Amino acid sequence: MYQAVAPESTIHAIQTTVNVMQAVFVGIALLLLLSASVLILNTIRMAIFARRREVSVMKLVGATNWFIRVPFIAEGMFQGLVGGLLASAAVYGIHVAVDNLSDTSNPTSLATQMRLTGWHVFGTDVVIVLIGVGIGALGSAFAVRRFLDV
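Residues numbered from 1 in each chain as written. Predicted model: local features only at pLDDT ≥ 70, side-chain atom pairs only at ≥ 80, totals over all residues. Heavy atoms only, no water.

Side chains of Val20, Met21, Val24, Phe25, Ile28 and Leu32 sit close together on the surface and give an oily, nonpolar patch of about 570 Å² of accessible area. One can find Ile28 in helix H1 (residues 8-50). (Patch = residues over 30% accessible without salt bridge, like charges linked within 9 Å, V, L, I, M, F, W, Y side chains within 5 Å. Areas by Shrake-Rupley, 256 points an atom, 1.4 Å probe, with all protein chains shown as cover. Salt bridge = Lys/Arg side-chain N within 4 Å of Asp/Glu carboxyl O. Helix = DSSP H or I, 4+ residues; strand = E, 2+ residues; numbered from the N terminus.)

In this structure, the largest pocket spans a volume of roughly 460 Å³. Elements represented by at least two residues in the lining of the largest pocket include exactly H1, helix H3 (65-101) and helix H5 (118-147). In terms of residue count, the dominant contributor to the lining of the largest pocket is H1 (six residues). Within this model, the second largest pocket holds a volume of roughly 240 Å³. Around the second largest pocket, the lining is made up of twelve residues, and of these Val91, Ile94, His95, Leu116 and Val121 lie nearest the centre. Looking at the lining of the second largest pocket, the elements that each hand over two or more residues are H3 and H5. If you tally residues by element for the lining of the second largest pocket, the top one is H3, at six residues. Across the lining of the second largest pocket, the residue classes tally to eight nonpolar, three polar and one charged. (1 Å grid on protein atoms, 1.4 Å probe; cavity = no way out; pocket = protein on both sides within 12 Å on 5 of 7 lines; lining within 4 Å. Points joined across faces, edges and corners; volume = space filled by probe spheres on them. Nonpolar A, V, L, I, M, F, W, Y, C, P; charged D, E, K, R; others polar.)

Attention now moves to the side chain of His95. Positionally, His95 belongs in helix H3. Look past the residues within four positions of His95 in its chain and what remains in contact with it is Leu116, Thr117 and Val121. (Contact = heavy atoms within 4.5 Å.)

Moving on to the nonpolar core. Among the nonpolar cores identified, the biggest contains 13 residues, and Ile44, Ile48, Val55, Phe72, Val144 and Leu148 are the most heavily contacted of them. Listing elements by their share of this core, those giving two or more residues are H1, H3 and H5. Residue contributions to this core peak at five residues, all from H1. In this view, Ile44 contacts Phe72, Glu75, Gly76, Ser140, Ala143 and Val144; residues no more than four positions away in its chain are not counted. (Core = buried A, V, L, I, M, F, W, Y, C linked by side-chain atoms within 4.5 Å. Buried < 20%, exposed > 50% of the residue type's maximum accessible area, 1.4 Å probe, protein only.)

Here you go:
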């Protein structure tokens, strides 16, 4: 009679390690999102203070609130786009590095098992850019609302 043997303790240890690593990386991602938002908020605040004379002239000639706010929000979106593109380039660079490290003749190697298709990387890059633009827009909208007296 045959008996199946499974390394349950090893599997449990690996699952625990993966769960802890996921929680740590989610925490790091949230911290980086918060810091990016604060950086964009501070940059837009400085831009508002630097252009306060132009804003006051625009108010005097009858510009609407949105006409004054939109350029600041667009600036934040542009900053988010540039940051997202830089992050996407980093993700693509890591993908290429892991792809070059993988030994396709050995399907059990860790680098080969971690390989992603180009479409997965492209989808990740699109999400990163969209999140960057969204964070830029939200951070600048919050900064404009808080620091611009319109």
